[in-house]
Amino acid sequence: MKNNIKKIDNIALKDYCSFKIGGIGKCLFLPKNLKELISLMNFLIKEDEPYFILGNGTNVLFDDHGYRGSLISLKYFNSIEKIGDEIICGAGVKLFQLCSFCVDNCLEGFEFLYGIPGTVGGAVFMNAGAFGDEICNYLSEMTVIKEGKKINIKNFNFSYRKGPVDDNCVITNVKFKLKLGDRNRIILNQKQILERRKNTQPYGQPSAGSIFKRQHDVIPAKLIDSWGLKGLKIGGAMISCKHAGFIVNNGQAKAGDVKLLIEIIKYIAHLHGYNFELEIKIL
Ligand SMILES: Cc1cc2nc3c(=O)[nH]c(=O)nc-3n(C[C@H](O)[C@H](O)[C@H](O)COP(=O)(O)OP(=O)(O)OC[C@H]3O[C@@H](n4cnc5c(N)ncnc54)[C@H](O)[C@@H]3O)c2cc1C
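Scope of this entry: the structure provided in the associated data block. What you see is a predicted model; the values in this text were computed from it and never measured.

Let us now look at the overall build of the protein chain. If you tally the helices and strands in the protein chain, you get six helices and 18 strands. The C-alpha extent of the protein chain, read off along each of the three principal axes, is 50 × 50 × 30 Å. For the protein chain, restricting intrachain contacts to residue pairs at least 6 apart in sequence, the fraction spanning at least 24 positions comes to 63%. Between the averaged position of the 38 positive side-chain charges in the protein chain and that of its 28 negative side-chain charges there is a distance of 3 Å.

As structure tokens, then:
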């Protein structure tokens, strides 16, 4: 490639994900704008090079042997602005930043996102949600790069923890519509949400959030708890004693430890007649 897209070779993947697990990644590209991103995507497609779009790495498990494709970060797509009751923001904006922007601009609705450690791009891709609400309920438009071309999407088809775009698409910008609200109430709601998270989840420990998706009234965390699996350990990975839907890294966990725990849970679920679907992305 002839241009100067920022690239870091041989990255320690554990430093790029909340699980703190993973071998060495071949390279990470950090395009600064749409032009660089499109040129990069066209190059990777032409070279038939596998790639993965990395947000804040809070819903992924990297392999102990690393990743041989290219990782792409939209960290520099970090603009955020308000027009009326709408927010237009880049996919690289962190959800914490989005939530404080909402406070500064008295925009209500996104309090449920407070404390989710991802980016806007990752949250829209995953249709992040909590406490009965989902990010798709506030989305009015998004811009994606598909097969090297920029397209705007206004009609979406979201489902539980699944956004409307395929794995090979890159979300670059999104537009959210929120309600004007009271600043103090927004701050109070955010604080309460964060407290709830800290009380019910292993918040400070390395993890990737819920491992399995909920399916209607099937709540994996409740079932895993009822099967007495909380605290089960393989190597450095353990089913959290605080929230059975989370696997935590006690410091030295390998991806293989996490995968084995996942297999054990799936096997036990299968014996009880359930088919658990993964929420996290395993590379
Ligand atoms: C402590 C903790 C609590 C959590 N609580 C919740 C919760 O309450 N609710 C919830 O829904 N999730 C929760 N999560 C999971 C996770 O934070 C969310 O799914 C988050 O939205 C993922 O964002 P990310 O930027 O980290 O994405 P990543 O983990 O980096 O990526 C996730 C997926 O999104 C894709 N992706 C990322 N950015 C883009 C982009 N710009 N364009 C296209 N695809 C992209 C990636 O390719 C990957 O497939 C939690 C995780 C942790 C560690």
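Positive phi values are uncommon outside glycine, yet lysine 20 reaches one of about 60°. On the secondary structure map, lysine 20 appears in the loop between β1 (6–12) and β2 (24–30). One non-glycine residue, asparagine 127, lies in positive phi territory at about 50°. Looking at where asparagine 127 falls in the secondary structure, it is placed in the loop between α3 (120–126) and β9 (129–130).

With that settled, the discussion passes to the environment of serine 159. Looking at where serine 159 falls in the secondary structure, it is placed in the loop between β12 (149–153) and β13 (170–177). Judged by its relative accessible area of 38%, serine 159 falls in the partly exposed class. Along the sequence, serine 159 and asparagine 127 sit 32 residues apart, while their C-alpha atoms lie 7.4 Å from each other. If we ignore the near neighbours within four places in the chain, the residues touching serine 159 are Asn127 and Glu134.

Turning our eyes to something else, we now look at the site of the ligand. Near the ligand there are 33 residues, and of these Ile53, Gly55, Thr58, Thr119 and Gly129 occur at the shortest range. In this structure, glycine 122 approaches the ligand through a main-chain N or O atom, which is 3.3 Å from a nitrogen atom. Note that a nitrogen atom of the ligand is positioned 2.7 Å from one of the backbone N or O atoms of glycine 129. Contact with the protein chains covers 96% of the free accessible surface of the ligand, which is 980 Å². Going through the elements one at a time, β3 (51–54), α3, β9 and β13 are the ones with two or more residues in the shell around the ligand. For the shell around the ligand, the residue count by class is 16 nonpolar, 14 polar and three charged. Residues lining the shell around the ligand come from more than one domain, with at least three contributed by each of domain 1 (6–73) and domain 2 (80–200).

Read across the sheet, four strands follow the order β1-β2-β5-β3 without closing on themselves; strand pairing throughout is mixed. The sheet is open, and its two edges are formed by β1 and β3, each paired on a single side. With strand direction ignored, the average angle separating the axes of adjacent strands in the sheet is 30°. Across the sheet, helix α1 (residues 34–46) touches β2, β3 and β5 (67–73), and the angle it forms with β5 is around 160°.

Following the criterion strictly, the structure yields 11 salt bridges and no others. One salt bridge in this structure joins lysine 259 and aspartate 63, with 2.8 Å as the shortest N-O distance. Separated by 196 residues along the polypeptide, lysine 259 in helix α6 (residues 255–271) and aspartate 63 in the loop between β4 (60–61) and β5 bring together distant segments of the chain. When its relative accessible area of 27% is taken as the criterion, lysine 259 is described as partly exposed. A salt bridge links glutamate 141 to lysine 175, with the shortest nitrogen-to-oxygen separation between them at 3.5 Å. Linking glutamate 141 in strand β11 (residues 139–146) with lysine 175 in strand β13, this pair joins segments that are 34 residues apart in sequence. The buried category is assigned to glutamate 141, whose relative accessible area is 16%. Judged by relative accessible area, which is 24%, lysine 175 ranks as partly exposed.

Further remarks concern the packing of helix α2 (residues 95–104) against helix α4 (residues 183–200). For the pair α2 and α4, interaxial distance at closest approach is 8 Å and the crossing angle is 155°. Taken together, the axes of α2 and α4 are roughly antiparallel relative to one another. Residue-level inspection shows Cys99, Cys102, Val103 and Asp104 of α2 in contact with α4, the latter providing Arg183, Ile186, Ile187 and Gln190. Among the residues making up the contact of α2 with α4, the classes are represented as five nonpolar, one polar and two charged.

Another point: α4. Taking 1.5 Å of rise per residue, 18 residues should cover 26 Å, and α4 covers 26 Å from first to last C-alpha, within 8% of that figure. Among all positions in α4, only Ile186, Gln190, Ile193, Leu194 and Arg197 are buried. Each buried residue of α4 sits inside an arc of 95° when the element is viewed along its axis, so together they form one side. Residues of α4 that are exposed and point more than 90 degrees away from the buried face comprise Asn184, Lys191 and Asn199. Here the buried face of α4 lies against α2, β8 (107–108) and β9.

What counts as what
- Residues numbered from 1 in each chain as written.
- Predicted model: local features only at pLDDT ≥ 70, side-chain atom pairs only at ≥ 80, totals over all residues.
- Heavy atoms only, no water.
- Helix = DSSP H or I, 4+ residues; strand = E, 2+ residues; numbered from the N terminus.
- Contact = heavy atoms within 4.5 Å.
- Lys, Arg positive; Asp, Glu negative; His and termini not counted.
- Charge placed at Lys NZ, Arg CZ, Asp CG, Glu CD.
- Buried < 20%, exposed > 50% of the residue type's maximum accessible area, 1.4 Å probe, protein only.
- Near = heavy atom within 4 Å.
- Polar contact = N/O pair within 3.5 Å; in protein donor to acceptor, adjacent residues only side chain to side chain.
- Areas by Shrake-Rupley, 256 points an atom, 1.4 Å probe, with all protein chains shown as cover.
- Nonpolar A, V, L, I, M, F, W, Y, C, P; charged D, E, K, R; others polar.
- Domains from an automatic or database assignment.
- Pairing = 2+ DSSP bridges.
- Axes fitted to C-alpha atoms, helices over the stretch in contact; angles between N-to-C directions.
- Salt bridge = Lys/Arg side-chain N within 4 Å of Asp/Glu carboxyl O.
- Parallel < 35°, antiparallel > 145°, perpendicular 65-115°, else oblique.
- Expected span 1.5 Å × (residues − 1).
- Arc of directions from axis to C-beta.

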